[in-house]
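A look at the structure
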Amino acid sequence: MKKNGFKKAIGKLHLWLGLSTGLIVFIISITGAIYVFQEEITNSIRKEAIFHNEQNIASKTPLSLKVLEKKVDAFTKEKYPIHWVTVPIDKSRSYIFYYYEHNPEGWNFYKEYVIYKSVYVNPFTGEIKGVYDETTDFFNIIKSIHFSFMLNTEWGTYVCGIPTLIFLFMLISGIILWWPKNKKARKQRFSFDWKKVKSWKRKNYDIHNILGFYASSLAFVSAFTGLFYAFYFIQVILYVVFSGGSTTYPDFSHIKTKAPIEMRNEHTLDKIGKKVEELYPDAFQYSLDFGYEHIDDHEHPNYDVFVKQLSYSYHVNHSLIFDENSAELLHVHSHDDKNLGEKAVAANYDIHVGSIFGIWSKVIALLLSLVCASLPVTGFMIWYGRRNKKSTKNSD
């Protein structure tokens, strides 16, 4: 009786929490599915901008970043300064200059991102290959819906985060409800056997239970890695567990720029870039901040350069700290130097979007997102079918 009472209580929680958050979970899952192949689709659409097709580049030298900056500013005539540039190691690809101003007080996506533009540039001639307003980009809008329902990211993440936290409970409670009472029931929980089943209600019930069971473990990982962006305590749990109990994240803020600002000149960024490419000639790209003041500007303890090692994933990356005035390399924190907790944090995004192992893990992420989207739908249909049945009996 106690077991039946417990399962009944779990069933009620599963039902009402599912009904209250189902629509939000459906939207989060569908937008996640749409976003999975964002990079491949965007790269295909922007192919002419990504590859500049300059001839004989082996015998040519890219223009100075400050020269390219002036050409970009002259072309776009934006009132805001360029925030950063992404520099590919493969010089057959265009440099990407970003205008990015973030207003923390903006209540929605468009108010929060005052400007977010990318400009693709031939590094050898300064020719502008393409300008894209990222605030109107389809996939960035999908990402914003998925992340915060296009609300301010400071608090909008809770709109998605709280239902996702409930979804974690739904996965656990779903397994409890799925758990078969005996061997006979067990056979019906692992596969579809519809030879003698004609009722759509029974088929819908099986779809909800069987797909839910097989997807539950990966869905838990997907939901947990998504909660990483909504709740700080999830970030702490991830780091502490994988670092072996360490509660202190590596801090390099004590490494600071000491050279006088007078040492900075038109070629300082080029010197930094050259050093990065010497250290990581096989990396995919790196990013350099131009060091201007911005709307949401905060104090930077040092000049940090992010190096992305792989084209398809962010989880293998390196961090270099430079003196931003003299271009002297002050510290190297390569991927191999990081503890397991740092690597887990770095891999969180790639696990969440399915890019961690390339195209095949993305296919799994797509299918998983579609199954997660189906669960609120099939769950609602189970409830509606039973409710409709009760209403019919009462009317009789």
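Look a little higher up for the structure.
Residues numbered from 1 in each chain as written. Predicted model: local features only at pLDDT ≥ 70, side-chain atom pairs only at ≥ 80, totals over all residues. Heavy atoms only, no water.

1. Some words on the packing of aromatic side chains
Just so we agree on the cut-off: Pairing of aromatic rings covers Phe, Tyr and the six-membered ring of Trp, with a centre-to-centre limit of 6.5 Å; geometry is then stacked below 30 degrees between planes, edge-to-face above 60, and tilted otherwise. Exposure is judged per residue with a 1.4 Å probe applied to protein chains only, and the accessible area is read against the type maximum: over 50% gives exposed, under 20% gives buried, and values in between give partly exposed. Note on geometry: a ring has a charge over it if NZ (lysine) or CZ (arginine) is within 6 Å of the ring centre and within 35 degrees of the ring normal.
For the structure shown, the criterion picks out 27 aromatic pairs. Ring centres of phenylalanine 192 and tryptophan 194 lie 4.9 Å apart, and the angle between their planes is 55°; on these two criteria the pair is classed as tilted. On the basis of relative accessibility, which here comes to 39%, the residue phenylalanine 192 falls in the partly exposed class. Accessibility expressed as a relative area gives 30% for tryptophan 194, which makes it partly exposed. An aromatic cluster is built from Trp84, Tyr98, Tyr100, Phe109, Tyr110, Tyr113 and Tyr116, whose rings are joined through pairwise contacts. Above the plane of the ring of tyrosine 132 lies arginine 46, whose end atom (NZ or CZ) is 4.1 Å from the centre. A cation over an aromatic ring shows up here: lysine 308 above the ring of tyrosine 314, its NZ or CZ 4.1 Å from the ring centre.

2. A look at unusual backbone geometry
Here is the rule we go by: To qualify as a helix, a DSSP run of H or I must reach at least 4 residues; to qualify as a strand, a run of E must reach at least 2; elements of each kind are numbered from the N terminus.
With phi around 55°, asparagine 56 is a residue other than glycine that occupies positive phi space. Relative to the assigned elements, asparagine 56 resides in the loop between helix H3 (47-50) and helix H4 (65-76). In the Ramachandran plot, phenylalanine 149 falls in the positive-phi region, its phi being about 55° despite a non-glycine side chain. Tracing the sequence through the fold places phenylalanine 149 in the loop between helix H6 (138-148) and helix H7 (153-178).

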